[in-house]
Amino acid sequence: DGSANPAILFIGVALSGFAVVSMAMYTVAYGLIERCLGLSASLVLGSLVSAACFGVIAFPISQWVFLASVFVLAVGESLVLTSTAALATELAPPDQLGQALGVV
């Protein structure tokens, strides 16, 4: 009949909103995290946060725990992606920078 379940639509919109808000918060905090920990430690921290959140998402206790872990997961994934790009930029020779960032 073409109609969608409103609860499913709400969850999709809520997850998108959580992702956008967490990305904005992450943008503010990343410089501080990177300066305090360094690139490699930031990469490890982001990986650990992401892994923990995937574990929580796999076995959610409630809808709010699920939404909170998606929010934190977006921050962890952003930390991994940004650290990876920064590390590739730091390690690549200047004449191969574009290729290095293309791989990341």
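All figures in this text were calculated on a predicted structure; none of them were measured in a lab.

(A) Layout of the overall build of the protein. Helix and strand counts for the protein stand at four helices and zero strands. Reading the secondary structure of the protein in the N-to-C direction produces α-α-α-α. The C-alpha atoms of the protein give a radius of gyration of 17 Å, which is well past the 13 Å a tight globule of 104 residues would have. Its C-alpha atoms give the protein principal-axis dimensions of roughly 55 × 30 × 25 Å. Within the protein, buried positions represent 23% of all 104 residues. Considering only contacts in the protein between residues 6 or more positions apart, those separated by 24 or more positions represent 61%. Of the roughly 6700 Å² that the protein leaves accessible, carbon and sulfur atoms contribute 75%.

(B) Just the packing of helix H2 (residues 39-58) against helix H3 (residues 63-91), in detail. Contact geometry of H2 with H3 gives a least axis separation of 8 Å together with a crossing angle of 155°. As the angle between them shows, H2 and H3 are arranged roughly antiparallel. Regarding H2 and H3, the two cross each other, and that crossing is left-handed. Across the contact of H2 with H3, the residue classes tally to 17 nonpolar, eight polar and two charged.

(C) The arrangement of H2 in detail. Helix length check: H2, at 20 residues, gives a terminal C-alpha distance of 29 Å against a target of 28 Å (1.5 Å per residue), a fit within 8%. If you check which residues of H2 are buried, you get Leu39, Ser42, Gly46, Ser50 and Cys53. In a view along the axis of H2, the buried residues occupy a sector of 70°, so they form one face of it.

(D) Structural view of the confidence of the model for the protein. For the protein, the average pLDDT comes to 82, and 91% of its residues sit at 70 or higher. Ranking the elements of the protein by mean pLDDT puts helix H1 (residues 6-37) last, at 74, and H2 first, at 92.

(E) Just the side chain of serine 42, in detail. Among the secondary structure elements, serine 42 is positioned in helix H2. Exposure remark for serine 42: the relative accessible area of 0% places this residue in the buried category. From its side chain, serine 42 meets the backbone oxygen of glycine 38 in a polar contact 2.7 Å long.

Calculation rules
- Every chain's residues receive numbers from 1 upward, in the order its sequence appears when written.
- Only residues with pLDDT of at least 70 are given local features in this predicted model, and only at 80 or more are side-chain atom pairs given and counted; all residues enter the totals for whole chains, interfaces and linings.
- Values reported for side chains reflect all heavy atoms of the structure, with hydrogen atoms and water molecules removed beforehand.
- By definition, any uninterrupted DSSP run of H or I lasting at least four residues is a helix, any uninterrupted run of E lasting at least two residues is a strand, and each is numbered from the N terminus.
- The quantity called the radius of gyration is restricted to C-alpha atoms. Its globule counterpart is 2.2 Å times the number of residues to the power 0.38.
- Residue exposure (1.4 Å probe, protein chains only): buried if accessible area is under 20% of the type maximum, exposed if over 50%, otherwise partly exposed.
- Here, residues are in contact when the closest pair of their heavy atoms is within 4.5 Å.
- What sets the accessible areas is the Shrake-Rupley method with a 1.4 Å probe; for residues, cover comes only from the shown protein chains.
- The axes used here are C-alpha line fits, helices contributing only the stretch in contact, and every angle between their N-to-C directions lies in the interval 0 to 180 degrees.
- Note that the term roughly parallel is reserved for angles under 35 degrees, roughly antiparallel for angles over 145, roughly perpendicular for angles of 65 to 115, and oblique for everything else.
- Crossing chirality is assigned from the near helix's rotation relative to the far helix, an anticlockwise turn below a right angle marking it left-handed and a clockwise turn marking it right-handed.
- Note on residue categories: nonpolar means Ala, Val, Leu, Ile, Met, Phe, Trp, Tyr, Cys or Pro, charged means Asp, Glu, Lys or Arg, and polar means any other residue, Gly included.
- To estimate the expected span of a helix, subtract one from its residue number and multiply by 1.5 Å.
- Along the arc lie the directions from the helix axis toward the C-beta atoms.
- Along the chain, pLDDT gives the predictor's confidence residue by residue, from 0 to 100.
- Any N or O atom pair separated by 3.5 Å or less is treated as a polar contact, with the protein-specific requirement of one donor-capable and one acceptor-capable atom, and with residues adjacent in sequence counted only for side-chain atom pairs.

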